[in-house]
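Listed below are the residues making up each chain.
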Amino acid sequence: MTDTATAAVPDTASAAAPDNTPAAAPYITPAAVPAAAPGTALARSVIAMVDHVLSLAATWTAWDGTPARADGRDHTPHKAIRRVADHLVDHLAELESRLAGAEPQPDHWHASAITTAADLAPFTAEDLDEARSRLTRLARIWAHRLDTLTGEQLDASPGEGWSFRELAHHLIESTYYADAVGDLSRQPCRS
C-alpha cells in the first residue's frame, strides 16, 4: 500500500458551493500535521477523509428523509456520521490496546447492517456542527498518533491483525459511508 490516498479526495477549499459561493476551507488543515514523521502521509490522509465526509455532510441538511440504497443497505446522513465515528473510535482503541501490549476489545458493532431510529432523524445544521466537532477531534487524535509512530511500528505493528499502516488505509475507506449518501445539493427535486 502507498500513502497516496489524499490524491483521491477532492480539494474542498477550491470547490464552489452550489450557489457559487466559495466552499469552506478544510476543517482540519494538513499543515497542522508535521511533515517529517513516517506516518505523516497517513495522518494527512485520515484528515482528508474526514474533510471529504464533512464536505458532503454540509449538503445533508437538504435530506428528504429517504435512505439511499447501496450494496443492499440503507444509508442516511446520521448513519454515515455514526459509521465514520465508530470506525475511528474502534480502530483507535485497537491500535492503543496493541501498543500497550493488551488484547483489543472484541468487535460487537452492528455497523451498517442496522439502521436505527436515530439514523432516520432529520439531519439539521446543529447535527452538522456536532459532526464537525466529533469527527475533526477524532481525526486529530489519529493524526497525532500516526505522527508518533515509527516506520517499523507502522509496518511491523505489535499484536494480531493488520499493520497500523493497513489499519490507517482501512480508515480512509470510511468515505464509503458518506459517498453512499452523496452530495445532496445536487439531488433532483421530488414531487
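Residues numbered from 1 in each chain as written. Predicted model: local features only at pLDDT ≥ 70, side-chain atom pairs only at ≥ 80, totals over all residues. Heavy atoms only, no water.

K.L.:
Mind showing me how you'd approach helix H3 (residues 125-148) here?
P.N.:
Quick reminder: α-helices carry 3.6 residues per turn. Residues three or four places apart thus point the same way. Helix length check: H3 (24 residues) gives 35 Å between terminal C-alpha atoms against 34 Å at 1.5 Å per residue, within 8%. All buried positions along H3 are accounted for by Leu-128, Ala-131, Leu-135, Thr-136, Leu-138, Ala-139, Trp-142, Ala-143, Leu-146 and Asp-147. Tucked into the core, H3 has its buried residues touching helix H1 (40-57), helix H2 (77-99), helix H4 (151-155) and helix H5 (164-172). (Helix = DSSP H or I, 4+ residues; strand = E, 2+ residues; numbered from the N terminus. Expected span 1.5 Å × (residues − 1). Buried < 20%, exposed > 50% of the residue type's maximum accessible area, 1.4 Å probe, protein only. Contact = heavy atoms within 4.5 Å.)

K.L.:
In this structure, what is going on with the pattern of salt bridges? I would like to understand it.
P.N.:
Oppositely charged side chains may form a pair once their charged atoms are brought near each other. Enumeration according to the criterion identifies 7 salt bridges in this entry. Note that Asp-74 is salt-bridged to Arg-69, the shortest N-O span being 2.9 Å. A relative accessible area of 56% places Arg-69 in the exposed class. A salt bridge links Arg-82 to Asp-119, with the nearest nitrogen and oxygen atoms 2.8 Å apart. In this pair, Arg-82 sits in helix H2 while Asp-119 sits in the loop between H2 and H3, placing the two residues 37 residues apart along the sequence. (Salt bridge = Lys/Arg side-chain N within 4 Å of Asp/Glu carboxyl O.)

K.L.:
Please clarify how the packing of H2 against H5 should be interpreted in this entry.
P.N.:
Geometry of a packed helix pair, given as the angle between the helix axes and the separation of the axes. It is the contact of H2 with H5, at a shortest axis distance of 10 Å, that shows an interaxial angle of 175 degrees. Between H2 and H5, the angle falls in the class roughly antiparallel. Facing H2, whose interface residues are His-87, Leu-88, His-91, Glu-94, Leu-95, Arg-98 and Leu-99, H5 presents Phe-164, Leu-167, His-170 and Leu-171. Here the residues of the contact of H2 with H5 sort into 6 nonpolar, 3 polar and 2 charged. (Axes fitted to C-alpha atoms, helices over the stretch in contact; angles between N-to-C directions. Parallel < 35°, antiparallel > 145°, perpendicular 65-115°, else oblique. Nonpolar A, V, L, I, M, F, W, Y, C, P; charged D, E, K, R; others polar.)

K.L.:
Whenever I open this one, unusual backbone geometry confuses me. Can you help?
P.N.:
Leaving glycine aside, a negative phi is the common case for residues, and trans is the common case for peptide bonds. Backbone geometry places Asp-71, a non-glycine residue, at a positive phi of 55 degrees. In this structure, Asp-71 sits in the loop between strand S1 (68-70) and strand S2 (73-75).

K.L.:
How should the nonpolar core be read in this particular structure?
P.N.:
The nonpolar side chains of a soluble globular protein tend to be buried with one another. The biggest cluster of nonpolar side chains holds 39 residues, and the ones touching the most others in it are Trp-60, Ile-81, Leu-88, Leu-135, Trp-142 and Leu-146. Sorting the residues of this core by element identifies H1, H2, H3, H5 and helix H6 (175-181) as the ones contributing at least two each. Tallying contributions element by element places H1 first for this core, with 10 residues. (Core = buried A, V, L, I, M, F, W, Y, C linked by side-chain atoms within 4.5 Å.)

K.L.:
So what exactly am I meant to see when it comes to the environment of Glu-96 here?
P.N.:
By the secondary structure assignment, Glu-96 is in helix H2. The exposure class of Glu-96 is partly exposed, given its relative accessible area of 31%. C-alpha of Glu-96 to C-alpha of Arg-145: the two residues are 49 residues apart in sequence and 9.1 Å apart in space.

K.L.:
For this particular structure, what's the right way to read H1?
P.N.:
With 18 residues, H1 ought to run about 26 Å at 1.5 Å a step, and its terminal C-alpha atoms sit 25 Å apart, in line with that. Most of H1 is tucked away, with 15 of its 18 residues classed as buried.

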